[in-house]
Amino acid sequence: MDIRRLEPRDIPLIQHANLENLPENYFMKYYLYHALSWPQLSYVAVDVSRPKKTPYDYPKIVGYVLAKMEEEPTDGVQHGHITSLSVMRTHRRLGIAEKLMRQSQLAMVETFGAQYVSLHVRVSNKAAIHLYTKTLGFDQDKTESSYYADGEDAYSMRLDLSTIREQIRDAADAEGVDEGEPVGEAGSKTLPVREKDLKKVKVGRGLGVQALVEKDESKHS
Amino acid sequence: MPQPLSSKENSLFRQVIRNYEEKQYKRGLKAAEQILKKNPKHGDTLAMKALIINSLGKTDEAFALAKEALTADMKSHICWHVYGLLYRHQKNFEEAIKAYKFALKLEPGSPQIQRDLAYLQAQMRDFQGYIQSRTAMLQSKSQLRQNWTALAVAHHLAGDLVQAEKVLTTYEESLKSPPSHTDYENSEALIALEHLESIAKHNLDRLAVLELRAEYLAKLGKKDAAVKAYRALLDRNSEHPEYYNGLTEAMGLDGGDTSARKAVYDEYAKSNPRCDAAKRLPLDFLTGNDFRDAAKLYLTLMLDKGVPSTFANLKHLYTDPFKKETLESLAHEYVKAKESQSGDESPAEGELKGIPAGLYYLAQHYNYHLSRDLAKALEFVDRGLGLVPGTVEFHMTKARIWKHYGNTRKAAEIMDQARNLDLKDRYINTKAAKYQLRNNETAKALKTMSLFTRNDSPGGPLHDLIDMQSIWYLTEDGEASVRNGLIGLALKRFHAVYNIFDVWQEDQFDFHSFSLRKGQIRAYVDMVRWEDKLREHPFYTRAALGAIAAYLGIHDSKLVVNGVNGSTNGAADDEAEKKKVLKKAKKEAQKAEREAAEQAAKQDPNKAKAATSENVKKDDDPLGLKLASNDQPLVEATKFLLPILQFSPKNIDGQVAGFEVYIRREKYLLALHCLNAALAIDPANPVVHEQTVRFRQEINLKLASLPAKVAEVIKTEFTAIDASTDLKKYNADFLKKHKESAAHVVSAVKIRKLLGEDQKACEKALFDVLSLKTEDWEPAAEAHGLLLQWRSGEAEAFRKAAGETWPEVTAFNPPPAPPASS
Ligand SMILES: CC(C)(COP(=O)(O)OP(=O)(O)OC[C@H]1O[C@@H](n2cnc3c(N)ncnc32)[C@H](O)[C@@H]1OP(=O)(O)O)[C@@H](O)C(=O)NCCC(=O)NCCS
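Note that the structure is a prediction, hence the values are computed from the model and not measured.

Undergrad: Would you mind going over the environment of B:Asp382 with me for this structure?
TA: Residue and element names in this part refer to chain B. Tracing the backbone through its elements, the reader meets Asp382 in helix 23 (residues 374-387). For the pair Asp382 and Leu516, spaced 134 residues apart in sequence, the C-alpha to C-alpha distance is 59 Å. At 3.1 Å, the side chain of Asp382 and the side chain of Lys398 are in polar contact.

Written out as structure tokens, the structure is:
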């Protein structure tokens with residue numbers, strides 16, 4: 001197993017893993033939108049030991065986390081969001097999901113100055129709920145009724161990222177780097193102006209990248 | 001020349017533009033009409049009207065109108081711009097670029113036209129053109145940082161890193177103050193261009209900086225610093241094998257001293273108990289007793305914990321026979337030891353800890369192709385099911401074992417049992433559907449799939465699967481349809497995959513501008529490079545090969561009907577008979593397709609509802625009958641073929657398919673090119689042998705009639721068999737050399753028949769395949785297919801005999817046909 005950052009060429013097999021594992025699916029462009037907006041936040045687990053069948057085999061993705069920053073946080077606080085997480089059944093219980101999540105959380109703080117990370121999970125999803133609450137320490141925020149297309153409720157969860165923030169600061173101090181601030185600290189507690197401007201730019205064709213955001217959200221509600 | 005309008009109409013015209021931009025098409029149209037009433041030949045208005053009409057879906061009308069606009073006002077940049085936009089909409093990018101360029105010539109300063117042109121150039125990989133456009137855009141607005149980045153990116157994409165760097169340096173020098181730390185766009189661009197040391201402090205992509213720094217330090221031979229750098233990376237992520245390699249290399253441990261190397265891993269395993277890689281990776285390089293000890297520890301740990309994926313994590317070691325045997329015996333020892341310890345404590349249901357975990361490991365071990373003994377695998381599965389009867393994993397593996405036996409029917413049944421044990425897990429649902437498809441139960445599979453798809457659109461579950469780009473399903477369903485003889489339906493699915501790749505290519509368009517604004521340049525460049533060879537993906541190749549085979553079949557069956565293939569016995573009533581058979585087959589296929597569609601429709605609970613979404617275009621060929629009746633099947637096949645030859649030239653199946661397409665099209669040079677490529681990949685491949693002989697035979701017949709130049713090239717480049725070779729003898733030698741391989745035997749028999757040998761003798765020779773006693777039953781299935789194709793009286797006898805040789809193979813032992821009435 002190899003846990004590393006997502007690369008664009010991984011996307012077809014990430015989409016494949018998502019279709020195998022979860023009923024919430026997305027078209028390729030939505031993955032691209034993540035990969036090209038927040039390339040630091042999404043990670044994959046690759047089965048590096050598979051023998052190649054052709055010279056053109058792509059790395060076999062057995063798990064992934066697809067994550068983003070909330071573009072217009074209603075609470076005004078920079079935070080990350082887990083769009084999708086899954087691991088192939090043949091590779092579950094190896095700790096893959098936990099490790100994917102931790103990598104993503106670290107990058108959320110480092111690169112985007114995230115204060116917390118949020119996600120939704122089906123109320124019946126015991127494995128995932130264990131992972132989020134027991135292993136990673138998420139708090140159950142509230143229940144959103146009929147959040148999923150099939151009518152199931154979701155727990156909305158969040159994890160405060162200040163521990164990671166402190167760890168980064170300590171590490172920087174230990175290194176004696178003259179940065180003073182941890183990298184990413186400066187990375188905008190408030191959104192840089194340019195990001196906001198972005199929202200207004202139309203993307204020019206039927207399904208612009210921004211429209212994807214709406215498409216995804218409408219999928220749940 | 002812009003045609004003058006009165007001031008009232010001028011403001012009306014501005015309104016048309018506004019209306020168009022705000023998508024108020026009706027209003028815009030009305031205002032345009034108003035202008036045209038007085039100025040029927042006003043080019044710009046005609047053009048804007050065309051644009052609006054196009055947005056309303058009337059493309060043809062829009063084009064006609066745009067042309068009219070151009071005739072009225074050849075010198076208007078608006079008319080040309082609109083013309084380009086219409087082409088752009090049609091995805092005819094080349095024409096669009098031409099039109100934009102015309103427009104730009106008429107209105108050199110227009111930022112809009114310049115931008116539209118630039119992004120199309122990026123999409124079309126016209127990087128020189130893109131550089132020109134970006135240079136112009138920079139010149140007109142040099143205060144915008146984005147324009148500098150964009151020009152640098154354009155140079156970068158064109159492969160000119162030096163120029164790219166120069167652009168950025170120029171920009172920085174032109175600034176009075178250094179870029180601020182939070183400035184994402186700037187830091188990304190810099191790292192893309194490897195300005196690492198100078199920018200490390202400002203870059204927010206900490207991981208990228210750390211990785212590059214470690215790599216550079218190692219390359220520069222600064223060992224201590226490199227060690228430190230790799231340790232920092234491992235502290236972040238101890239599951240990335242590259243970091244361990246980097247570390248041990250920097251420590252000078254990559255030589256023979258495995259114990260020192262192992263110590264490094266142990267250190268991480270100790271400090272990070274949840275880390276898997278540190279415990280597992282040493283198994284890759286340890287040997288002998290060291291391996292045995294480490295493997296024992298690892299296996300015990302994993303099985304005690306009950307990690308069902310233990311085997312998946314170790315199977316790569318099986319290429320080493322010693323490691324394979326060691327793991328096998330360790331797993332046996334583990335089970336024995338547990339059995340002797342444990343009293344009466346029975347394992348918890350659904351948990352795979354201890355003994356069940358050991359049994360599960362062994363079941364997978366004996367099911368794996370490098371250590372296969374299917375009977376033993378079944379034995380361990382059954383022992384496991386005796387202990388924990390309700391486990392998905394044991395059922396799943398049992399299904400897989402039956403699949404390996406060739407018993408698709410049992411495999412599908414048992415995978416469905418597995419599914420029923422965990423109805424909430426889509427993974428197992430997916431597997432159940434896949435196994436149903438492998439067993440050719442397409443309707444059942446769709447029903448299984450529908451348990452997790454969104455079924456509220458008019459197209460039902462299938463629509464959702466297409467919409468969500470579920471390539472695996474479309475491909476498997478297509479392949480199953482081929483086996484069911486429903487070629488139209490199969491083509492439908494393969495075309496759906498083809499279209500998805502078109503969409504994926506088109507998807508990058510928006511990011512040419514989006515990424516510049518977001519400033520994530522490195523990710524963008526990665527995307528462009530990946531999209532450049534998008535159709536290299538095995539997803540494409542597999543579906544395309546399916547489509548090509550189907551089109552070749554269509555072409556060949558037409559030849560049979562038309563008797564073009566120089567029927568050997570030539571009797572007219574034989575031809576008529578063939579025609580009749582084909583017609584009947586076609587009818588039956590159509591009926592089956594109709595029924596399948598009706599059945600699918602019944603399963604859709606929403607079908608009764610009126611279609612709610614007006615946007616969903618009705619599919620006027622849901623069964624693919626039109627596709628299957630295409631009268632130029634070889635042209636279609638070529639369309640699927642070209643990307644394979646371009647992007648996956650080392651894929652032998654692609655070259656083999658290429659030969660088949662080109663020889664039928666009598667494109668002998670191209671066919672030869674594929675043949676030579678295939679020979680270079682695998683000279684012993686049986687199908688390539690067939691093709692070599694076929695090519696020699698056909699060329700000997702045709703050479704004289706080919707243009708002299710072509711004949712000359714073929715003579716010099718086709719060296720695999722000499723023109724004067726006795727092909728029969730050549731084939732006999734081949735057979736002698738490969739008589740132990742069923743696939744080669746089948747190929748040799750095919751060639752004997754081609755070279756005019758008596759059919760009876762060939763039929764008899766095919767039976768030899770059955771006496772080879774191999775596990776691999778597929779060549780026998782091919783032999784059976786040949787007998788059917790020859791309409792041999794021996795086909796049924798062959799099937800029965802094969803059924804005895806491979807009693808579990810569904811293909812030779814089909815379930816009794818259901819009663820004929822429905
Ligand atoms: C949820 C899921 C991602 C977990 O992946 P994983 O790689 O197996 O999880 P990990 O191995 O990292 O396990 C993390 C923790 O969860 C626990 N866990 C995992 N699967 C569990 C299960 N089925 N039941 C109970 N606990 C479980 C592990 O024991 C571990 O706990 P610990 O920290 O107390 O030791 C995986 O089961 C999955 O892909 N499910 C289908 C898709 C899905 O539901 N995604 C989540 C959508 S919100």
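Picking up where we left off.
Undergrad: Any chance you could explain helix 1 (residues 7-21) of chain B here in plain terms?
TA: Residues and elements named next belong to chain B. With 15 residues, helix 1 should reach 21 Å at 1.5 Å per residue; the first-to-last C-alpha distance of 21 Å fits that figure. Within helix 1, the full set of buried residues consists of Glu9, Leu12, Phe13, Val16 and Asn19. Each buried residue of helix 1 lies within a common arc of 120° when the element is viewed along its axis, so the set occupies one face. The exposed set on the far side of helix 1, more than 90 degrees from its buried face, consists of Ser7 and Arg14. As for helix 1, its buried residues are in contact with helix 2 (25-38), helix 3 (43-55) and helix 5 (77-89). A positive phi of about 60° marks Lys23, the residue just after helix 1.

Undergrad: Looking at this model, I keep getting lost on the domain arrangement of chain B. Mind explaining?
TA: As a measure of interface size, the accessible area lost when the parts come together is often cited. Residues and elements named next belong to chain B. Segmenting chain B into domains produces domain 1 (7-195) and domain 2 (440-610 + 621-636). On the domain 2 side, the residues contacting the 23 residues of domain 1 number 18 residues. At the boundary of domain 1 with domain 2, total buried surface from both sides reaches about 1,900 Å², with 58% on carbon and sulfur atoms. Contact with domain 2 buries area across many residues of domain 1, yet Tyr119, Gln123 and Arg125 alone supply 30% of it, more than any other trio. The interface formed by domain 1 and domain 2 contains two salt bridges. Arg88 is paired through a salt bridge with Glu506; the nearest N and O atoms lie 3.6 Å apart. The tally of links from domain 1 across to domain 2 stands at seven residue pairs in polar contact (both at pLDDT 80 or more).

Undergrad: Whenever I open this one, the sheet that holds strand 6 (residues 139-144) of chain A confuses me. Can you help?
TA: Across a sheet, strands are paired by hydrogen bonds formed along the backbone, either parallel or antiparallel in direction. Residues and elements named next belong to chain A. Spatially, the seven strands line up as an open sheet ordered 1-2-3-4-5-7-6, and their pairing is mixed. Pairing within the sheet leaves two strands with one partner each, and these edge strands are strand 1 (2-5) and strand 6. Taking the axes of each pair of neighbouring strands and ignoring which way they run, one obtains an average angle of 25° across the sheet. As defined by bridge partners, strand 5 (residues 116-122) adjoins strand 7 (residues 154-160) across seven bridges and the pair is classed as antiparallel. Note that in strand 7 the partner of Leu119 across the bridge is Met157. Packed onto the sheet, helix 3 (residues 96-112) meets strand 1, strand 2 (43-47), strand 3 (60-69), strand 4 (79-87), strand 5 and strand 7 and runs at close to 35° relative to strand 3.

Undergrad: What exactly am I supposed to notice about the site of the ligand here?
TA: Among the 21 residues in the neighbourhood of the ligand, the closest are listed as A:Gly95, A:Asn125, A:His130, A:Thr135 and B:Arg274. Those chains with residues close to the ligand are chains A and B. Here A:Val87 contributes a backbone N or O atom positioned 2.7 Å from an oxygen atom of the ligand. In the model, an oxygen atom of the ligand is placed 3.0 Å from a nitrogen or oxygen of the A:Glu98 main chain.

Reading the values: rules and limits
- Residues numbered from 1 in each chain as written.
- Chains lettered and ligands numbered in written order.
- Predicted model: local features only at pLDDT ≥ 70, side-chain atom pairs only at ≥ 80, totals over all residues.
- Heavy atoms only, no water.
- Helix = DSSP H or I, 4+ residues; strand = E, 2+ residues; numbered from the N terminus.
- Polar contact = N/O pair within 3.5 Å; in protein donor to acceptor, adjacent residues only side chain to side chain.
- Expected span 1.5 Å × (residues − 1).
- Buried < 20%, exposed > 50% of the residue type's maximum accessible area, 1.4 Å probe, protein only.
- Arc of directions from axis to C-beta.
- Contact = heavy atoms within 4.5 Å.
- Domains from an automatic or database assignment.
- Buried area = accessible area lost by both parts, 1.4 Å probe.
- Salt bridge = Lys/Arg side-chain N within 4 Å of Asp/Glu carboxyl O.
- Pairing = 2+ DSSP bridges.
- Axes fitted to C-alpha atoms, helices over the stretch in contact; angles between N-to-C directions.
- Near = heavy atom within 4 Å.

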